[in-house]
Amino acid sequence: MYASVGQQRGAAGVLMGLEDMTGKRVDGEALEGVMDRAMGEMDVDLTYFLAITTDDPRVMRKFRRLRIANAPWILVSSPPSLTACSGPYSVN
């Protein structure tokens, strides 16, 4: 299950979309599709985003290569552990 969450600095996150990825290959292209569909549902575009993160560094590297032409300002990251995340969407 992939959740797309948008968050403004100093505010709680907003769930933009959920997508069941069971049985699908999750790679940079798949993440790009998930993000595009979530942004379409919320009627926002990539110019509103500064950073994107997921738990798999390989996916993030591929996603970065796919998006660099359209959004060179986007920072991508993959925390060493999802338990390092804090806040209301923590998996702890």
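Residues numbered from 1 in each chain as written. Predicted model: local features only at pLDDT ≥ 70, side-chain atom pairs only at ≥ 80, totals over all residues. Heavy atoms only, no water.

Undergrad: Describe the environment of Met 39, with residues and values.
TA: Within the secondary structure, Met 39 sits in helix 1 (residues 28-42). According to the relative accessible area criterion, Met 39 is buried, its value standing at 6%. Along the sequence, Met 39 and Gly 17 sit 22 residues apart, while their C-alpha atoms lie 8.4 Å from each other. For Met 39, the contacting residues outside a window of four places in its chain are Met 16, Val 44, Asp 45, Leu 46 and Phe 49. (Helix = DSSP H or I, 4+ residues; strand = E, 2+ residues; numbered from the N terminus. Buried < 20%, exposed > 50% of the residue type's maximum accessible area, 1.4 Å probe, protein only. Contact = heavy atoms within 4.5 Å.)

Undergrad: I'd like to hear about a nonpolar patch on the surface, residue by residue, with values.
TA: Residues Met 1, Val 5, Leu 15 and Leu 18 make up a contiguous nonpolar surface patch of roughly 410 Å² in combined accessible area. Inspection of the secondary structure assignment puts Leu 18 in strand 2 (residues 14-19). By relative accessible area, which is 56% here, Leu 18 ends up exposed. (Patch = residues over 30% accessible without salt bridge, like charges linked within 9 Å, V, L, I, M, F, W, Y side chains within 5 Å. Areas by Shrake-Rupley, 256 points an atom, 1.4 Å probe, with all protein chains shown as cover. Salt bridge = Lys/Arg side-chain N within 4 Å of Asp/Glu carboxyl O.)

Undergrad: Would you mind going over helix 1 in detail, with residue names and values included?
TA: With 15 residues, helix 1 should cover 21 Å at 1.5 Å per step; its first-to-last C-alpha distance of 21 Å lies within 8% of that length. Lining the buried residues of helix 1 we find strand 1 (2-6), strand 2, strand 3 (51-53) and helix 2 (57-67). The opening residue of helix 1, the one whose side-chain oxygen lies 3.3 Å from the backbone nitrogen of Glu 29, is Asp 27. Positioned one or two residues after helix 1, Asp 43 has a phi angle of 60°, which is positive. (Expected span 1.5 Å × (residues − 1). Polar contact = N/O pair within 3.5 Å; in protein donor to acceptor, adjacent residues only side chain to side chain.)

Undergrad: I'd love a proper account of the pattern of salt bridges, names of residues and values included.
TA: Where charged atoms of side chains with opposite charge meet at close range, the side chains can pair. Enumeration according to the criterion identifies 2 salt bridges in this entry. For Glu 19, the salt bridge is made with Arg 37, and the minimal N-O distance between the two is 2.6 Å. With Glu 19 in strand 2 and Arg 37 in helix 1, this pair connects stretches of sequence that are 18 residues apart. Residue class for Arg 37 comes out partly exposed when judged on its relative accessible area of 45%. Among the salt bridges present, the one from Lys 62 reaches Glu 29, with a minimum N-O distance of 2.9 Å. Linking Lys 62 in helix 2 with Glu 29 in helix 1, this pair joins segments that are 33 residues apart in sequence. Its relative accessible area of 26% is what places Lys 62 among the partly exposed residues. Its relative accessible area of 37% is what places Glu 29 among the partly exposed residues.

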